Amino acid sequence: MTPQAAAALRCPVCGGALMPLGISLRCPQGHSYDIAKEGYVNLLAIQKRHAADPGDGKAMVRARRAFLQAGYYAPFQKALAELCLEYAPECGETHLLDAGCGEGSYDRVVYDAFAAQGRPCVLAGFDLSKDAIRLAAKLLPEAAFAVGGSFSAPVRDGWADVLLNIFSPFAEQEFCRVLRSGGVLLYAVPAARHLYGMKEVLYDEPYENAEQQTEYSGFTLIGERTVTDTITVEDDQIRNLFAMTPYFWKTPHVGALRLAAKQSLMTEIGFRFLAYRRV
């Protein structure tokens, strides 16, 4: 975590700016937060902790890391990086914020895309899962990663030029607060037939995802890009894909058994990237 990236964060108690002081971050009111050896900080306020260990568990996080690092979602990572470059300020340093960043695979690709073009950027991200944030901080040590939630984001007012939200809850008021006026929110949601091939195995009556175009207070829709592909997933990666999706928790046992018996799975995949400008 560089000092420039740490400047994105704010104290979850008083909202004051956090500054590095030795192996901790401290606000002007004296609230102090230790930086873990992996380089992240826990900024989830105690009153916001509705579980002893909130967010995705270690097994789900590890499954997502293994699947994403295998390159199956590379078209989505590439498209996201291109959109970030497109909507970033034309000059000066870009502040990128990932709300619900998970284990950091998308952020690594985006950060590297800026570096490849010689465009300076500072990246910060947060997620409820300590296991995910631990992996993200190790994957991208240049960034500031914090344990925190979208509905009480540990980020300073108006810090972000570009805000990423990949399959995470839409915290309308907080996103308005942390994104500067004129900044852009990139919101990724599943396309209609995303993972349809897997659903055909899991469910007797597979269904398409509803495609909506929702209006949000404080934001104006300025663009949309849909990216689709077909992938073939083999053996253990089928289990990793299943474990990283919500279907893992809501699939009937018989459907999960059918998927577990598969050694190869072909499925459509698709992301819709919705670009909203903060008014």
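Trainee: What is the right way to look at the packing of helix α8 (residues 236-243) against helix α10 (residues 253-260) in this model?
Mentor: Taken N-terminus to C-terminus, the directions of α8 and α10 make an angle of 150°; their axes are 10 Å apart at the nearest point. When the interaxial angle is binned, α8 and α10 end up roughly antiparallel. Contacts between α8 and α10 pair Ile-238, Arg-239 and Phe-242 from the former with Ala-256, Leu-259 and Ala-260 from the latter. Across the contact of α8 with α10, the residue classes tally to five nonpolar, no polar and one charged.

Trainee: How do you make sense of the environment of Phe-248 when you look at a structure like this?
Mentor: Here Phe-248 shows up in helix α9 (residues 247-250). For Phe-248, a relative accessible area of 37% translates into the label partly exposed. Put simply, Phe-248 and Gly-218 are 30 residues apart on the chain and 34 Å apart in space, counted from C-alpha to C-alpha. If sequence neighbours within four positions are ignored, Phe-248 has contacts with Phe-242 and Ala-243.

Trainee: Would you explain the pairing of strand β7 (residues 144-147) in this entry?
Mentor: Consecutive residues of a regular strand have side chains that alternate between opposite faces of the sheet. Neither face of β7 is exposed, since Ala-144 and Ala-146 on one face and Phe-145 and Val-147 on the opposite face are all buried. In this structure, strand β4 (residues 41-42) lies alongside β7, joined through two bridges in parallel fashion. Note that in β7 the partner of Asn-42 across the bridge is Val-147. As judged from the four bridges shared by strand β6 (residues 121-127) and β7, these two strands associate in the parallel manner. When the sheet's bridge partners are listed, Ala-124 is paired in β7 with Ala-144. In this fold, β6 hands off to helix α5 (residues 130-139), which returns the chain to β7; that crossover is right-handed.

Trainee: Before we go on, may I ask you to explain the layout of surface pockets in this structure?
Mentor: A probe as big as a water molecule, rolled over the atoms, marks out the empty space that is left. Looking at the second largest pocket, its volume works out to about 160 Å³. Surrounding the second largest pocket, Tyr-187, Val-189, Pro-190, Ala-210, Gln-212, Thr-214, Tyr-216, Arg-272, Leu-274 and Tyr-276 form its lining. The set of elements that each furnish at least two residues to the lining of the second largest pocket consists of β9 (179-190) and β11 (264-278). Tallied by class, residues from the lining of the second largest pocket come to seven nonpolar, two polar and one charged.

Trainee: Is there a simple way to explain the sheet that holds strand β1 (residues 19-21) in this structure?
Mentor: Each strand in a sheet pairs with another by means of backbone hydrogen bonds, the pair being arranged parallel or else antiparallel. The strand order across the open sheet formed by three strands is β1-β2-β3, and the pairing between neighbours is antiparallel. Of all the strands in the sheet, just β1 and β3 (32-34) have a single pairing partner and so form its edges. Across the sheet, the mean angle separating the axes of adjacent strands is 35° when strand polarity is ignored. As judged from the three bridges shared by strand β2 (residues 24-26) and β3, these two strands associate in the antiparallel manner.

Trainee: Would you explain unusual backbone geometry in this entry?
Mentor: Glycine aside, the phi torsion of most residues is negative, and most peptide linkages are trans. Residues other than glycine seldom take positive phi values, yet Phe-167 does so here, at roughly 60°. Not every positive phi belongs to a glycine, and Asp-235 is a case in point at roughly 45°. With respect to the helices and strands, Asp-235 occurs in the loop between β10 (219-234) and α8.

Trainee: Sorry, what's going on with the pattern of salt bridges here?
Mentor: Where charged atoms of side chains with opposite charge meet at close range, the side chains can pair. Applying the stated rule across the entire model yields 15 salt bridges. In this structure, Glu-142 and Arg-108 form a salt bridge, with 3.7 Å as the shortest nitrogen-oxygen distance. Placement of Glu-142 in the loop between α5 and β7 and of Arg-108 in helix α4 (residues 105-116) is noted, with a sequence separation of 34 residues between them. What you see here is one network of salt bridges that share partners, running through Arg-10, Asp-157, Glu-174 and Arg-177.

What counts as what
Residues numbered from 1 in each chain as written. Predicted model: local features only at pLDDT ≥ 70, side-chain atom pairs only at ≥ 80, totals over all residues. Heavy atoms only, no water. Axes fitted to C-alpha atoms, helices over the stretch in contact; angles between N-to-C directions. Helix = DSSP H or I, 4+ residues; strand = E, 2+ residues; numbered from the N terminus. Parallel < 35°, antiparallel > 145°, perpendicular 65-115°, else oblique. Contact = heavy atoms within 4.5 Å. Nonpolar A, V, L, I, M, F, W, Y, C, P; charged D, E, K, R; others polar. Buried < 20%, exposed > 50% of the residue type's maximum accessible area, 1.4 Å probe, protein only. Pairing = 2+ DSSP bridges. Right-handed = clockwise from strand over helix to strand, strands pointing away. 1 Å grid on protein atoms, 1.4 Å probe; cavity = no way out; pocket = protein on both sides within 12 Å on 5 of 7 lines; lining within 4 Å. Points joined across faces, edges and corners; volume = space filled by probe spheres on them. Salt bridge = Lys/Arg side-chain N within 4 Å of Asp/Glu carboxyl O.

By themselves, these are just geometric observations and shouldn't be taken as functional.
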